[in-house]
Amino acid sequence: MRRAFARALGLMAFAATATAAPAQGDPAAGAVVYERCAACHALAYDRTGPRHCGVVGRRAGSVAGFAYSEAMRRSGIVWTREALDRFLTDPLRAVPGTAMGYAGIPDAKERADLIAYLAQAGRSAACKR
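Read on for a plain summary of the structure. (Residues numbered from 1 in each chain as written. Predicted model: local features only at pLDDT ≥ 70, side-chain atom pairs only at ≥ 80, totals over all residues. Heavy atoms only, no water.)

**What to know about the packing of aromatic side chains**
Okay, so step 1: Under the definition given, this model contains 3 aromatic pairs.
Okay, so step 2: Ring geometry for Tyr34 and Tyr117: centres 5.2 Å apart, planes at 45°, overall tilted. With a gap of 83 residues between them, Tyr34 in helix H2 (residues 27-37) and Tyr117 in helix H6 (residues 108-121) connect regions that are remote in the sequence.
Okay, so step 3: For Tyr34, a relative accessible area of 6% translates into the label buried. (Phe/Tyr/Trp six-rings, centres within 6.5 Å; stacked < 30°, edge-to-face > 60°. Helix = DSSP H or I, 4+ residues; strand = E, 2+ residues; numbered from the N terminus. Buried < 20%, exposed > 50% of the residue type's maximum accessible area, 1.4 Å probe, protein only.)

**Observations concerning the packing of helix H4 (residues 81-89) against H6**
Okay, so step 1: At a minimum axis distance of 10 Å, the contact between H4 and H6 shows a crossing angle of 130°. Of the possible angle classes, the one that applies to H4 and H6 is oblique. As H4 runs across H6, the sense of the crossing is right-handed. In this structure, H4 contributes Arg81, Leu84, Asp85, Leu88 and Thr89 to the contact, and H6 contributes Arg111, Leu114, Ile115, Ala116 and Ala119.
Okay, so step 2: Here the residues of the contact of H4 with H6 are counted per class, giving 6 nonpolar, 1 polar and 3 charged. (Axes fitted to C-alpha atoms, helices over the stretch in contact; angles between N-to-C directions. Parallel < 35°, antiparallel > 145°, perpendicular 65-115°, else oblique. Left-handed = near helix turned anticlockwise from the far one by under 90°. Contact = heavy atoms within 4.5 Å. Nonpolar A, V, L, I, M, F, W, Y, C, P; charged D, E, K, R; others polar.)

**Focus on the state of the cysteines**
Okay, so step 1: The full count for this structure, using the stated rule, is 1 disulfide.
Okay, so step 2: Disulfide pairing places Cys53 opposite Cys127 at an S-S distance of 1.9 Å. Handedness of the Cys53-Cys127 disulfide follows from its S-S torsion of about -80°: it is left-handed. Of the two residues, Cys53 sits in the loop between H2 and helix H3 (70-73) while Cys127 sits in the segment after H6, which places them 74 residues apart along the sequence. Per residue, the accessibility class of Cys53 equals that of Cys127, and both read buried.
Okay, so step 3: Cys37 takes part in no disulfide bond, and the closest cysteine sulfur to it belongs to Cys40, at a distance of 8.9 Å.
Okay, so step 4: Here Cys37 falls in the buried class, since its relative accessible area comes to 17%. (Disulfide = S-S within 2.5 Å.)

**Section: the environment of Gly104**
Okay, so step 1: Mapping Gly104 onto the fold places it in the loop between helix H5 (91-94) and H6.
Okay, so step 2: When near neighbours in sequence (up to four residues on either side) are disregarded, Gly104 contacts Leu88, Thr89 and Pro91.

**Concerning the pattern of salt bridges**
Okay, so step 1: The tally for this structure, following the rule as stated, stands at 6 salt bridges.
Okay, so step 2: For Arg73, the salt bridge goes to Glu70, with nearest N and O atoms at 2.3 Å. Taken together, the positions of Arg73 and Glu70, both in helix H3 and 3 residues apart, correspond to about one turn of that helix.
Okay, so step 3: Given the relative accessible area of 36%, Glu70 is considered partly exposed.
Okay, so step 4: The closest approach of N and O atoms between Asp85 and Arg111, which form a salt bridge, is 2.8 Å. Taken as a pair, Asp85 in helix H4 and Arg111 in helix H6 lie far apart in primary sequence, 26 residues in all. For the pair Asp85 and Arg111, one class covers both residues: buried. (Salt bridge = Lys/Arg side-chain N within 4 Å of Asp/Glu carboxyl O.)

Right, dumping it as structure tokens:
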């Protein structure tokens, strides 16, 4: 019962951060923004954080073999562009208890560019291996 309540509370907090749909971004500019993510993430393999190939459209906490936080596994989030935008704005607020200790990307254009890059990279040869 407590877990169900905590999960519902987390989903409500995530939904409360809703913003308008993110603008279409520039994947080339997003590749530059992604360099910040590369400290913990890679496209095609897990590092401190899970791989990003296929992240757009994937359920949060679902990469097999990756040790996600309980909060992320139970979040119920599907990584749509809108969900990624909300999460990247303030990860710690969007998913309280996440292990991702990154403050977020406050600039809406940078977030849109990064999301466009992740969507494009997910269809790249690096992700088709």
